[in-house]
Amino acid sequence: MIPRAIDIEKNLEKNKVLIIYGPRQVGKTTSVEKFLSETRLKYASYSGDDLEFAEDLAGCSLELIKGIIGDSDILFIDEAQKIQNIGRALKLIVDHLPDIRVIATGSSSFDLANTTEEPLTGRKNLLRLYPIAISELLGQQTLYEFEKKLGEHLIYGMYPEVVTYESYGQKEKRIMEIKDSALIKDILAFQKVKSSRPIIDLLKLLAFQVGSEVSCTELGEKLGLNEKTVRRYLDLLEKSFVLFRLDGFSRNLRKEISKMSKYYFYDLGIRNALIANFNRLDTRNDVGQLWENFMIIERMKRNAYRNVSANYYFWRTYDQKEIDLIEETGGNLSGYEFKWRENRKKPPREWLKTYTNATYEVITPDNYLDFVT
């Protein structure tokens, strides 16, 4: 088992809810169960998949809830987003049961955030768990061992089970299963989405456009959908941790593009499964896209696990000057360009001239470790 970077004990407080978000199959439940198995505190564990428990908790009866928890110090609710009135029920628990600690996990920020945001104001801590991070793997492997498998991670992704399998066949089979069960199951679970086909087709289009600006109008034309529907689907995919979005950075120049967005995948295994391409890197024409996506999501993992608050953008002007990633932290701007092959690309003159406090760096397979660890 690969030890994860989130610290549950540090973030678990009396009369507060610790909410752990993240995609399906990344280890949320496993991480909590490992913590519970090692704690000396007494705990009660339930799941939103248990219909009887879900119905009882949704009733928000304080007396019934006291019976459910008993004399436990910790209440763990897995798949909490499946329970109606979960926000109100959790508020009732932390407000009326002295010294109780609550852990809730969810694979859909859409459902869980919407139902807990207002009731749990000031009563929750949030942790996000991603697929395995490079820094987590390096806690188990030597740098030599990791770099031998770097290409595998660009192809099969970083889901915990996929990473631990040895054979390519096992990796491919498992990531295809995750794609079919996690994606389709979650997509159909959202209200007003009757068929997963349009969303799967949208994801396939986006898989080929990693690193490129996306036009919702053009996507809609290709899919036979109106722009509003495309935007709604994109929003659902972000909230179910399939995609994340970078918007254009613009502060000082008229010619900066700010109305377009780029979409990347939380996991490259899912991206490659969608287009059924698990070919070796030396036979592919999308290695640059894979490297760019991989570096950005690994940087986001690194910052999240270090509690570094950052805003992420891309930068481009109408005359084709561009930078793949702009990271804004504490008022400072850092520009990063990602190149699979060594490329001593100079920073755009307009970038450094306009943003005098900005830095610029090209990230390649020769220097990426400091960037992601």
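Scroll up to find the structure.
Residues numbered from 1 in each chain as written. Predicted model: local features only at pLDDT ≥ 70, side-chain atom pairs only at ≥ 80, totals over all residues. Heavy atoms only, no water.

1. Description of the sheet that holds strand β7 (residues 243-248)
Point 1. Taken in spatial order, the seven strands of this open sheet run β6-β8-β7-β9-β10-β11-β12, and their pairing is mixed. Because the sheet does not close on itself, it has two edges, and the strands there are β6 (213-214) and β12 (358-363).
Point 2. Summarising the sheet, strand β11 (residues 332-338) and β12 pair through six bridges and their orientation is parallel. Along β12, the bridge assignment pairs Leu333 with Ala358.
Point 3. Along the sheet, helix α12 (residues 197-208) makes contact with β6, β7 and β8 (261-265), crossing β8 at roughly 100°. (Pairing = 2+ DSSP bridges. Helix = DSSP H or I, 4+ residues; strand = E, 2+ residues; numbered from the N terminus. Contact = heavy atoms within 4.5 Å. Axes fitted to C-alpha atoms, helices over the stretch in contact; angles between N-to-C directions.)

2. Re empty space enclosed by the protein
If you roll a probe as big as a water molecule over the atoms, it shows you where there is empty space left.
Point 1. According to the stated counting rule, one finds two cavities of 30 Å³ or more in the structure shown.
Point 2. Approximately 40 Å³ is the volume found for the second largest cavity.
Point 3. Considering the residues around the second largest cavity, the lining is formed by His153, Gly157, Met158, Tyr266, Asp267, Leu268, Phe294, Ile297, Glu298 and Lys301.
Point 4. Among the elements that make up the lining of the second largest cavity, the one with the highest residue count is helix α16 (residues 287-305) (four residues).
Point 5. Of the residues contributing to the lining of the second largest cavity, the split by class is five nonpolar, two polar and three charged. (1 Å grid on protein atoms, 1.4 Å probe; cavity = no way out; pocket = protein on both sides within 12 Å on 5 of 7 lines; lining within 4 Å. Points joined across faces, edges and corners; volume = space filled by probe spheres on them. Nonpolar A, V, L, I, M, F, W, Y, C, P; charged D, E, K, R; others polar.)

3. Details of the packing of aromatic side chains
Point 1. Tallied over the full model, the rule gives 18 aromatic pairs.
Point 2. Where Phe338 meets Phe371, the ring centres are 5.7 Å apart and the plane angle is 55°; that geometry is what we call tilted. Residue Phe338 is located in strand β11, and its partner Phe371 is located in helix α18 (residues 369-372); the two are separated by 33 residues in the primary sequence. You'll find Phe338 and Phe371 in the same group, each marked buried.
Point 3. On the basis of an interplanar angle of 50° and a centroid distance of 4.9 Å, the ring pair of Trp351 and Tyr355 is categorised as tilted.
Point 4. Feature note: the residues Tyr21, Tyr130, Phe241, Phe244, Tyr264, Tyr266 and Tyr305 constitute an aromatic cluster, connected by ring pairs. (Phe/Tyr/Trp six-rings, centres within 6.5 Å; stacked < 30°, edge-to-face > 60°. Buried < 20%, exposed > 50% of the residue type's maximum accessible area, 1.4 Å probe, protein only.)

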